Amino acid sequence: MKFQVQAEILRNRPIAAGYYQIDLRAPQIAAAARPGQFVHVRIPLLEHRVLRRPFSIYDADPATGRLSVIYKVVGEGTDVLSRRQEDTADLLGPLGNGFTPPDDPGVQPVIVAGGYGCAATYLLASPRFSSRRPLCLFGARSREDLLLVEEFQALGCEVRTATDDGSAGRKGFVTELLRELLEAPAACSLKVFACGPNPMLKAVSTLVLARGLDAEISLDHAMCCGVGACFACVVKRKAETPDGWEYVRTCTDGPVFPASSTVWD
Ligand code: FES
């Protein structure tokens, strides 16, 4: 079930250069939210223009009704959002299918995240959704772009990091950390969850499928309506059709898909 609410902005603050965390009071959405789902936020701009933008849900606390989102200021909409305080925001959510929380005690969940994609996986690591603490592999361009490491560690997760410039963790791509993990003898008992830029997701998919495993990947795709009406977010998925694929909507059929079903053009 999804809800449209006027949510009180509790706090809206920078957490790193260019990145913000906004906390909202949205009890219905916080109670219903699952790992990997998102909300659509209505952002009023100048001259009566309005944007709706999708944002992954970072944290949700049913006890207090707090819903948190982490976002990066990348354009007019997020710039306007970053300056809103002591106000309300029009929210629609929770939307999308989300990840399948890991519940097999014999399988080690592994989160692979690029940039602030880690925010969309935070609830996966929450004891509310999983009795297993995921191993987290986080990649970013540099130390300043590595977010939420301490927050995941506070949940009991081991976090391994990689940065493009080597300013924190391993120098290189996060997929190198995954490659090493998959080469270990116990790799067959891993379940991978990934969120980040599509090139990273494609590399993750290639690695896990080559090992005979699968992964749940949260596709990064532009959206408009967020509720399945406009078809602005379609992607190809493997299917038993004459072409071998079909179109699906990222907003309602995803954003999470099995790596094995994804068609990379
Ligand atoms: Fe409109 Fe997905 S964003 S159908």
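As shown above, the structure is provided for reference.
Only a predicted model underlies this, so the values are computations on that prediction, with no experimental measurement involved.

K.L.:
Provide a residue-level description of the overall build of the protein, including the pertinent values.
P.N.:
Within the protein, the secondary structure is distributed over five helices and 15 strands. Radius of gyration (C-alpha) of the protein: 18 Å, near the 18 Å computed for a compact globule of 265 residues. Based on the C-alpha atoms only, the size of the protein along its principal axes is roughly 55 × 45 × 35 Å. Sequence-distant contacts, at least 24 apart, represent 63% of the contacts inside the protein between residues at least 6 apart. Per element, the accessible surface of the protein, about 12300 Å² overall, is 51% carbon and sulfur. Each charge class in the protein was averaged separately, 29 positive and 30 negative side chains, and the resulting centres sit 1 Å apart.

K.L.:
Now, about helix α5 (residues 198-210): what can you tell me, with residues and values included?
P.N.:
In this model α5 runs 18 Å from its N-terminal to its C-terminal C-alpha over 13 residues, within 8% of the 18 Å that 1.5 Å per residue would give. Within α5, the full set of buried residues consists of Met 200, Leu 201, Val 204, Ser 205, Leu 207 and Val 208. On its buried face, α5 sits against β7 (108-114), α4 (174-183), β11 (190-195) and β12 (215-218). Phi for Gly 212, located one or two positions after α5, is positive at around 75°.

K.L.:
Give a description of the pairing of strand β8 (residues 135-140) that names residues and reports values.
P.N.:
Counting buried residues along β8, six of its six residues qualify, which places the element largely inside the surrounding structure. Alternating positions in β8 separate into two faces, Leu 135, Leu 137 and Gly 139 on one and Cys 136, Phe 138 and Ala 140 on the other, with burial throughout. Relative to β8, β7 is paired through five bridges, and the arrangement is parallel. Looking at β8, one finds that Gly 114 is bridged to Gly 139. Pairing of β8 with strand β9 (residues 159-163) involves five bridges; the strand directions are parallel. Following the sheet pairing, Leu 137 is matched in β9 by Arg 160. With respect to chirality, the unit in which β8 leads through helix α3 (residues 149-154) into the neighbouring parallel β9 is right-handed.

K.L.:
Tell me about the packing of aromatic side chains, residues and numbers included.
P.N.:
Considering all chains together, one arrives at eight aromatic pairs under this definition. Plain terms: the ring middles of Phe 138 and Phe 152 are 5.0 Å apart, the flat faces sit at 85° to each other, and that makes the pair edge-to-face. Placement of the pair is Phe 138 in strand β8 and Phe 152 in helix α3, with a sequence separation of 14 residues. Taken individually, Phe 138 and Phe 152 each receive the classification buried, so the pair is uniform in this respect. Summarising the aromatic geometry, the rings of Trp 245 and Tyr 247 are spaced 4.9 Å apart at their centres and angled 75° between planes, so their arrangement reads as edge-to-face. Chaining the aromatic ring pairs together yields one cluster made of Tyr 58, Tyr 122, Phe 138 and Phe 152. One Lys or Arg, Lys 236, reaches over the ring of Trp 245 and ends 4.3 Å from the middle of that ring.

About the cut-offs
- Residues numbered from 1 in each chain as written.
- Predicted model: local features only at pLDDT ≥ 70, side-chain atom pairs only at ≥ 80, totals over all residues.
- Heavy atoms only, no water.
- Helix = DSSP H or I, 4+ residues; strand = E, 2+ residues; numbered from the N terminus.
- Rg over C-alpha atoms; globule rule 2.2 N^0.38 Å.
- Contact = heavy atoms within 4.5 Å.
- Areas by Shrake-Rupley, 256 points an atom, 1.4 Å probe, with all protein chains shown as cover.
- Lys, Arg positive; Asp, Glu negative; His and termini not counted.
- Charge placed at Lys NZ, Arg CZ, Asp CG, Glu CD.
- Expected span 1.5 Å × (residues − 1).
- Buried < 20%, exposed > 50% of the residue type's maximum accessible area, 1.4 Å probe, protein only.
- Pairing = 2+ DSSP bridges.
- Right-handed = clockwise from strand over helix to strand, strands pointing away.
- Phe/Tyr/Trp six-rings, centres within 6.5 Å; stacked < 30°, edge-to-face > 60°.
- Lys NZ or Arg CZ within 6 Å of the ring centre and 35° of its normal.

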